[in-house]
Amino acid sequence: PTIKPPGDTALIPIVSSARALEIIVKRWERAGYRPDAVVLEGPLAGGHLGFKMEDIDKPEYALENLLPPVLEVAQRHGDFPIIVAGGIFTHQDIVKFLGLGASGVQMATRFLATDECDAPEVYKQAVIAAKEEDIIVVSSPEAPPASPCGLPLRILTCSPMYQQPRPPACRLNYVKQRDRDGKLTVCPAMPDKPGNEGYLCICAGLMSSAGYAAKEPALYTVGSNAHRVNQIVPVAELMRELVG
């Protein structure tokens, strides 16, 4: 809201803690706005995770334990909806979190393996074939590969970009960090950046996985429960299962 009045667009930030939500709410309140809703994403989600690597498996960071303090923050600032994400897989999961006070759930991995999903077929088949040990979190250029965003990243090991002996350097320049002058000009995966071989070019990899950069090696992100998906189904069938 500090960049542009949202108009009819709902602003729904994604957070991983009550502290993060509190910071966002206070900043937005100074602009005369509050979140229309918030997605609370736990450590079982796919893609980038808002946690330190050593905290991902700690019980105190489980989604059900993150939810109560986030609900408290929301209630203090207008009681906007909280939508939970990360590891939601079954009808029972949905019922559980609605019972804990969530207004809804966000699901991604299960909808990857549907007829209507426009992800490339090879991505869908990678999800179907995935075993639990094929789902990993990469985090550090000291033990490459890593995301140039500096956050842990959950992916499939069969991803063509992960399988390459030397991850490609940045070619699209979408992920930027601030330089000494405060300008967004630096990506750790840039070709002229020392140590760039420790980083994945996530811009190219993610665009390729979605079918937008066919010549680039793909990077497949999935949630921690992807190994439980065993077939591609119509969305209608999946929805019937999820609503019980």
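Anyway, here's the lowdown on the structure attached to this text.

Cut-offs and rules
Residues numbered from 1 in each chain as written. Predicted model: local features only at pLDDT ≥ 70, side-chain atom pairs only at ≥ 80, totals over all residues. Heavy atoms only, no water. Patch = residues over 30% accessible without salt bridge, like charges linked within 9 Å, V, L, I, M, F, W, Y side chains within 5 Å. Areas by Shrake-Rupley, 256 points an atom, 1.4 Å probe, with all protein chains shown as cover. Salt bridge = Lys/Arg side-chain N within 4 Å of Asp/Glu carboxyl O. Lys, Arg positive; Asp, Glu negative; His and termini not counted. Charge placed at Lys NZ, Arg CZ, Asp CG, Glu CD. Helix = DSSP H or I, 4+ residues; strand = E, 2+ residues; numbered from the N terminus. Core = buried A, V, L, I, M, F, W, Y, C linked by side-chain atoms within 4.5 Å. Buried < 20%, exposed > 50% of the residue type's maximum accessible area, 1.4 Å probe, protein only. Contact = heavy atoms within 4.5 Å. Phe/Tyr/Trp six-rings, centres within 6.5 Å; stacked < 30°, edge-to-face > 60°. Pairing = 2+ DSSP bridges. Right-handed = clockwise from strand over helix to strand, strands pointing away. Axes fitted to C-alpha atoms, helices over the stretch in contact; angles between N-to-C directions. Parallel < 35°, antiparallel > 145°, perpendicular 65-115°, else oblique. Left-handed = near helix turned anticlockwise from the far one by under 90°. Nonpolar A, V, L, I, M, F, W, Y, C, P; charged D, E, K, R; others polar. Polar contact = N/O pair within 3.5 Å; in protein donor to acceptor, adjacent residues only side chain to side chain.

A word on a negative patch on the surface. Among the surface-exposed residues, Asp115, Glu116, Glu121 and Glu237 lie close enough to one another that they form a single negatively charged patch. Among the secondary structure elements, Glu121 is positioned in helix 5 (residues 121-129).

The next subject is the nonpolar core. Ranked by size, the top nonpolar core spans 31 residues in total, and within it Leu21, Leu40, Leu67 and Ile82 carry the most contacts. Not counting residues up to four positions away in its chain, the partners in contact with Leu67 are Leu40, Ile82, Val84, Phe97, Leu100 and Ala102. Listed in part, the 17 residues of the second largest apolar core include Met161, Met190, Leu200 and Leu219.

So, about the pattern of salt bridges. Taken as a whole and judged by the stated rule, the model has four salt bridges. We note a salt bridge from Arg76 to Glu22, for which the minimum N-O separation is 2.4 Å. Note that Arg76 is positioned in helix 2 (residues 63-76) and Glu22 in helix 1 (residues 18-30), a separation of 54 residues in sequence. On the accessibility criterion, Glu22 (15% relative accessible area) is buried.

Attention now moves to the packing of aromatic side chains. Taken as a whole and judged by the stated rule, the model has three aromatic pairs. Arranged with centres 6.2 Å apart and planes meeting at 65°, the rings of Trp28 and Tyr33 form a pair that is edge-to-face. According to the relative accessible area criterion, Trp28 is buried, its value standing at 16%. On the numbers, 6.0 Å between centres and 75° between planes, the contact of Phe51 with Tyr61 is edge-to-face.

On to the pairing of strand 4 (residues 82-85), then. Inspection of the sheet shows strand 2 (residues 38-41) paired to strand 4 by four bridges, in the parallel sense. The partner of Val38 across the bridge, within strand 4, is Ile82. Relative to strand 5 (residues 104-106), strand 4 runs parallel, the two sharing three bridges. By the bridge assignment for strand 5, Ile83 is matched with Gly104. Traced from strand 4 through helix 3 (residues 91-99) to strand 5, the parallel crossover comes out right-handed.

Another point: the sheet that holds strand 6 (residues 135-138). Taking strand neighbours across the sheet as the criterion, the three strands line up as 3-7-6 in an open arrangement whose pairing is antiparallel. Among the strands making up the open sheet, the edge pair consists of strand 3 (47-48) and strand 6. Where strand 3 meets strand 7 (residues 153-156), two bridges bridge the pair, whose relative direction is antiparallel. Within the sheet, the bridge partner assigned to His48 lies in strand 7 and is Leu153.

Taking strand neighbours across the sheet as the criterion, the four strands line up as 1-2-4-5 in an open arrangement whose pairing is parallel. The open sheet has two free edges, formed respectively by strand 1 (14-15) and strand 5, since each of these has just one partner strand. Sheet topology note: the strand 1/strand 2 ladder contains two bridges and is parallel. The residue of strand 2 that forms the bridge with Ile14 is Val39. Against the sheet, helix 2 makes contact with strand 2 and strand 4, and its axis sits at roughly 165° relative to strand 4, the strand it touches most.

Our focus in this paragraph is the packing of helix 1 against helix 2. Orientation of helix 1 relative to helix 2, taken along the N-to-C sense of each, is 20°, at an axis distance of 8 Å. Taken as axis vectors, helix 1 and helix 2 run roughly parallel relative to one another. The chirality of how helix 1 crosses helix 2 is right-handed. Across the interface between the two elements, Ala18, Leu21 and Glu22 of helix 1 pack against Pro69, Val70, Val73, Ala74 and Arg76 of helix 2. A per-class count over the contact of helix 1 with helix 2 returns six nonpolar, no polar and two charged.

Glancing now at the side chain of Ser159. Looking at where Ser159 falls in the secondary structure, it is placed in the loop between strand 7 and helix 6 (160-163). Look at Ser159 and you get buried, because its relative accessible area is 0%. Among the polar contacts listed, one links the side chain of Ser159 to the backbone oxygen of Leu156, at a separation of 2.7 Å. Not counting residues within four places of it along the chain, the set of residues in contact with Ser159 comprises Ala218, Leu219 and Tyr220.

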